Amino acid sequence: MIWTTLVLAAALAAPDDKDKLVISNVRDTLGLMGPTRPGDKLIPGSEYYLCFDVGGVTIGDDGKVHYSVATEVTDSTGKVLIKIDPKELDAPASLGGDSIPAYVHLDVGLQSPPGQYAVKVTVVDVPSKRSAEYKQTVEVKAKEFGLVRLKTTSDQEGQLPVAVAGEGEGLWLTFGVVGFGRSDAKQPDLTFELQILDEAGKPTGGKPMTVQVNKDVPADAVLVPGQFFLSLNRSGKFTVQLTATDKVGGKTSKLAFPLNVQQSK
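This is a predicted model, so every value here is computed, not measured. (Residues numbered from 1 in each chain as written. Predicted model: local features only at pLDDT ≥ 70, side-chain atom pairs only at ≥ 80, totals over all residues. Heavy atoms only, no water.)

**Digging into the overall build of the protein**
Phase 1 of the analysis: Looking only at helices and strands, one finds 0 helices and 17 strands in the protein.
Phase 2 of the analysis: Relative to the compact-globule value of 18 Å for 265 residues, the protein shows a C-alpha radius of gyration of 20 Å, a close match.
Phase 3 of the analysis: For the protein, the spread of C-alpha atoms along the three principal axes comes to 60 × 50 × 30 Å.
Phase 4 of the analysis: In the protein, which comprises 265 residues, the share counted as buried stands at 43%.
Phase 5 of the analysis: Put simply, of all contacts in the protein between residues at least 6 apart along the chain, 72% involve residues at least 24 apart.
Phase 6 of the analysis: In the form shown here, the protein has an accessible surface area of approximately 13700 Å², with 49% of it arising from carbon and sulfur atoms.
Phase 7 of the analysis: Each charge class in the protein can be summarised by its mean position, and for the 28 positive and 32 negative side chains these summaries are 5 Å apart. (Helix = DSSP H or I, 4+ residues; strand = E, 2+ residues; numbered from the N terminus. Rg over C-alpha atoms; globule rule 2.2 N^0.38 Å. Buried < 20%, exposed > 50% of the residue type's maximum accessible area, 1.4 Å probe, protein only. Contact = heavy atoms within 4.5 Å. Areas by Shrake-Rupley, 256 points an atom, 1.4 Å probe, with all protein chains shown as cover. Lys, Arg positive; Asp, Glu negative; His and termini not counted. Charge placed at Lys NZ, Arg CZ, Asp CG, Glu CD.)

**Re the side chain of Ser68**
Phase 1 of the analysis: Take Ser68: it is sitting in strand 5 (residues 64–74).
Phase 2 of the analysis: Apart from residues no more than four positions distant in its own chain, Ser68 is found in contact with Pro86, Lys87, Glu88, Thr122, Val123, Val124 and Val126.

**Topic: the sheet that holds strand 13 (residues 190–197)**
Phase 1 of the analysis: Strand order across the open sheet formed by 5 strands is 11-17-16-13-14, with mixed pairing between neighbours. Strands at the two margins of the open sheet, each flanked by one partner only, are strand 11 (165–166) and strand 14 (209–213). (Pairing = 2+ DSSP bridges.)

**Some points on the sheet that holds strand 9 (residues 130–140)**
Phase 1 of the analysis: Strand order across the open sheet formed by 5 strands is 3-9-8-5-6, with mixed pairing between neighbours. The open sheet has two edge strands, strand 3 (41–42) and strand 6 (80–92), and neither has a second partner.
Phase 2 of the analysis: Direction of pairing for strand 8 (residues 115–125) relative to strand 9: antiparallel, over a ladder of 11 bridges. Directly across from Val123, in strand 9, lies its bridge partner Ala132.

**Describing a negative patch on the surface**
Phase 1 of the analysis: Side chains of Asp61, Asp62, Glu88 and Asp90 sit close together on the surface and give a patch of like negative charge.
Phase 2 of the analysis: Structurally, Asp90 is set in strand 6. (Patch = residues over 30% accessible without salt bridge, like charges linked within 9 Å, V, L, I, M, F, W, Y side chains within 5 Å. Salt bridge = Lys/Arg side-chain N within 4 Å of Asp/Glu carboxyl O.)

**Concerning the confidence of the model for the protein**
Phase 1 of the analysis: The predicted model of the protein has a mean per-residue pLDDT of 91, with 93% of residues at 70 or higher.
Phase 2 of the analysis: Segment residues 5–17 is flagged for pLDDT under 50; beyond a separation of four residues in sequence, or across chains, it makes 50 contacts in the model. (pLDDT = per-residue confidence, 0-100.)

**Some points on the nonpolar core**
Phase 1 of the analysis: Ranked by size, the top nonpolar core spans 30 residues in total, and within it Val177, Phe192 and Leu259 carry the most contacts.
Phase 2 of the analysis: Sorting the residues of this core by element identifies strand 10 (146–153), strand 12 (170–178), strand 13, strand 15 (223–231), strand 16 (236–246) and strand 17 (251–262) as the ones contributing at least two each.
Phase 3 of the analysis: Other than its neighbours up to four places away in sequence, Leu259 contacts Ala165, Leu171, Leu230, Leu232, Gly236, Lys237, Phe238 and Val240. (Core = buried A, V, L, I, M, F, W, Y, C linked by side-chain atoms within 4.5 Å.)

**With respect to the packing of aromatic side chains**
Phase 1 of the analysis: Under the criterion given, the structure shown has 4 aromatic pairs.
Phase 2 of the analysis: Look at Trp172 and Phe229: their rings are 4.8 Å apart centre to centre, the planes differ by 55 degrees, and that puts the pair in the tilted class. A residue pair is termed long-range when its members are at least 10 positions apart, and Trp172 in strand 12 and Phe229 in strand 15 qualify at 57 residues.
Phase 3 of the analysis: Among the residues examined, Trp172 registers a relative accessible area of 18% and is labelled buried. (Phe/Tyr/Trp six-rings, centres within 6.5 Å; stacked < 30°, edge-to-face > 60°.)

**Some words on the environment of Lys151**
Phase 1 of the analysis: As for its placement among the helices and strands, Lys151 is situated in strand 10.
Phase 2 of the analysis: Since its relative accessible area comes to 22%, Lys151 is described here as partly exposed.
Phase 3 of the analysis: The spatial distance from the C-alpha of Lys151 to the C-alpha of Leu173 is 6.0 Å, given a sequence separation of 22 residues.
Phase 4 of the analysis: Contact partners of Lys151, with chain neighbours within four places excluded, come to Leu30, Gly31, Glu47, Gly158, Trp172, Leu173 and Thr174.

**Brief notes about the pattern of salt bridges**
Phase 1 of the analysis: Going through the model one piece at a time under the given rule, you end up with 8 salt bridges.
Phase 2 of the analysis: The closest approach of N and O atoms between Arg149 and Asp107, which form a salt bridge, is 3.0 Å. Here Arg149 is found in strand 10, whereas its partner Asp107 is found in strand 7 (residues 99–108), with 42 residues between them in sequence.
Phase 3 of the analysis: Look at Asp107 and you get buried, because its relative accessible area is 15%.
Phase 4 of the analysis: Measuring nitrogen to oxygen at the nearest pair gives 3.3 Å for the salt bridge that ties Lys141 to Glu144.

Here you go:
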């Protein structure tokens, strides 16, 4: 399958219009609850997180929102590649209101042909039967060397996403690269480099953090993972610059995103 759907979920957010179901604050993010993904194109091997808020939901006597989400992906000819029937879910709304954030998570397979794809999400508030629909076009590029699957989490395993980074906390940056070359010894020769810039655009430390991968990569591996740990020792607005270099293929891939660290109170 070219595209596969992995996760549909939701949690608490702020109030919205009570008269109708509304999908708003739609953004394509780097990992769940991560920063908005820079650029408007994906490469095969990427993850696609479409995050949004659903307003006008009904909160039951149990303090939960009962809703359903359906997802459909079509190619440029209108051919349906994925059709996921409505899946009913429950989300706690501990702080009240009538809105929840939700997301759809899709995998872009390594064999995905380049072109434009349409992602359609349909949300239904089960008690009231109100519904809302959102469509977004996603462009997939041809296969190339590149950074994919970046996420920011509080744990090394990459399971606990960080929505708001706080002063004094630690942050794990997990990612992977695809489309790399291999030497005569059947091993890649990759370098990962991480540089943090302050609000003025100046490096926050000395030399960039670097990791080299050139051995012990399985022959059938199509993705090589990487990881850095950041100690958030002070608050402020920063820019994270991640660079991956494929020395065998002579290619480089770069990714930059904002990191806002909140002051502890």
